[in-house]
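Spelled out, the chains give:
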Amino acid sequence: MLSACSVDHAQDTPPQVWQDMEVRVETRPSPPHPGMTEFLVMLTSKTGRPGDDYMVSVRTSDQDAWKWAVQDGRMGIFRRAAELAPGERSVLQIQLRHKGEESVLRFPFNLKP
């Protein structure tokens with residue numbers, strides 16, 4: 001039996017919902033460890049429509065400025081790297097903007113050394 005080679009990038013933190021969008025986060029590397037980490041923020045409606053008309057920014061500390069996440073095509077997948085570290089920097093903050101509304105979701109990570 002032949003099988004395709006792939007890397008398993010399971011979700012590293014449970015999804016959350018804002019408006020009608022499910023917000024999921026994956027990391028590279030997965031599982032995450034302290035240091036620079038790429039975050040993939042995926043927005044999908046209950047009907048499967050991608051959240052391609054949202055603005056997404058991220059940070060890992062209240063003292064950091066928001067960094068705009070770049071959308072990968074028009075698929076509702078946004079990418080940005082940020083530093084993770086034990087303590088305060090172990091929570092990814094995601095700022096979502098859509099049609100004049102704004103919210104911040106927080107995704108905690110259990111970091112492995």
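Below is a short write-up of the structure. Since the model is a prediction, treat every value here as computed from it, not as a measurement.

### Quick notes on the sheet that holds strand β5 (residues 67–68)
Move 1: Taken in spatial order, the four strands of this open sheet run β5-β4-β8-β9, and their pairing is antiparallel. Where the open sheet ends on each side, the last strands, each with one partner, are β5 and β9 (101–108).
Move 2: The sheet contact formed by strand β4 (residues 55–59) and strand β8 (residues 91–98) spans five bridges and is antiparallel. Note on β8: the bridge partner recorded for Ser-57 is Gln-95.

### Considerations on the side chain of Ser-61
Move 1: Residue position: Ser-61 is located in the loop between β4 and β5.
Move 2: Within the local environment of Ser-61, its side chain forms a polar contact with the side chain of Gln-63, the two groups lying 3.0 Å apart.
Move 3: Only 2.6 Å separates the side chain of Ser-61 from the side chain of Glu-88, close enough to count as a polar contact.
Move 4: If we ignore the near neighbours within four places in the chain, the residues touching Ser-61 are Glu-88, Arg-89 and Gln-93.

### Structural notes on the pattern of salt bridges
Move 1: The final tally for this structure, using the stated rule, is 10 salt bridges.
Move 2: The residue Arg-74 makes a salt bridge to Asp-52 at a minimum N-O spacing of 3.2 Å. Taken as a pair, Arg-74 in the loop between β6 (70–71) and β7 (77–84) and Asp-52 in the loop between β3 (35–45) and β4 lie far apart in primary sequence, 22 residues in all.
Move 3: Under the relative-accessibility criterion, Arg-74 is labelled exposed at 61%.

### Observations regarding the nonpolar core
Move 1: Formed by 21 residues in total, the largest nonpolar core has its most connected members in Val-41, Leu-43 and Ile-94.
Move 2: Listed by contribution, the elements that provide at least two residues to this core are β2 (21–28), β3, β4, β7, β8 and β9.
Move 3: Excluding anything up to four places from it in sequence, Val-41 contacts Val-23, Arg-24, Val-25, Val-56, Val-58, Gly-76, Ile-77, Phe-78 and Ile-94.

### Some words on the pairing of β3
Move 1: Sheet topology places β2 next to β3; eight bridges connect them, and they run antiparallel. Looking across to β3, one finds that Val-23 is bridged to Leu-43.
Move 2: Hairpin connection of β2 to β3: six residues between the antiparallel strands.
Move 3: Pairing of β3 with β7, which is carried by eight bridges, proceeds in the antiparallel orientation. Among the inter-strand pairings, Met-42 is bridged to a residue of β7, identified as Ile-77.

### Thoughts on the packing of aromatic side chains
Move 1: Evaluated as defined, the whole model comprises two aromatic pairs.
Move 2: Between Trp-18 and Tyr-54, the aromatic rings sit 6.1 Å apart at their centres with planes inclined by 75°, giving edge-to-face as the arrangement. Linking Trp-18 in strand β1 (residues 16–18) with Tyr-54 in the loop between β3 and β4, this pair joins segments that are 36 residues apart in sequence.
Move 3: The class for Tyr-54 is buried, based on a relative accessible area of 3%.
Move 4: Arranged with centres 5.8 Å apart and planes meeting at 50°, the rings of Phe-39 and Phe-109 form a pair that is tilted. Of this pair, Phe-39 sits in strand β3 while Phe-109 sits in the segment after β9, placing them 70 residues apart in sequence.
Move 5: Assessed through its relative accessible area of 1%, Phe-39 is described here as buried.
Move 6: You can call Phe-109 buried: its relative accessible area is 5%.

Analysis parameters
Residues numbered from 1 in each chain as written. Predicted model: local features only at pLDDT ≥ 70, side-chain atom pairs only at ≥ 80, totals over all residues. Heavy atoms only, no water. Pairing = 2+ DSSP bridges. Helix = DSSP H or I, 4+ residues; strand = E, 2+ residues; numbered from the N terminus. Polar contact = N/O pair within 3.5 Å; in protein donor to acceptor, adjacent residues only side chain to side chain. Contact = heavy atoms within 4.5 Å. Salt bridge = Lys/Arg side-chain N within 4 Å of Asp/Glu carboxyl O. Buried < 20%, exposed > 50% of the residue type's maximum accessible area, 1.4 Å probe, protein only. Core = buried A, V, L, I, M, F, W, Y, C linked by side-chain atoms within 4.5 Å. Phe/Tyr/Trp six-rings, centres within 6.5 Å; stacked < 30°, edge-to-face > 60°.

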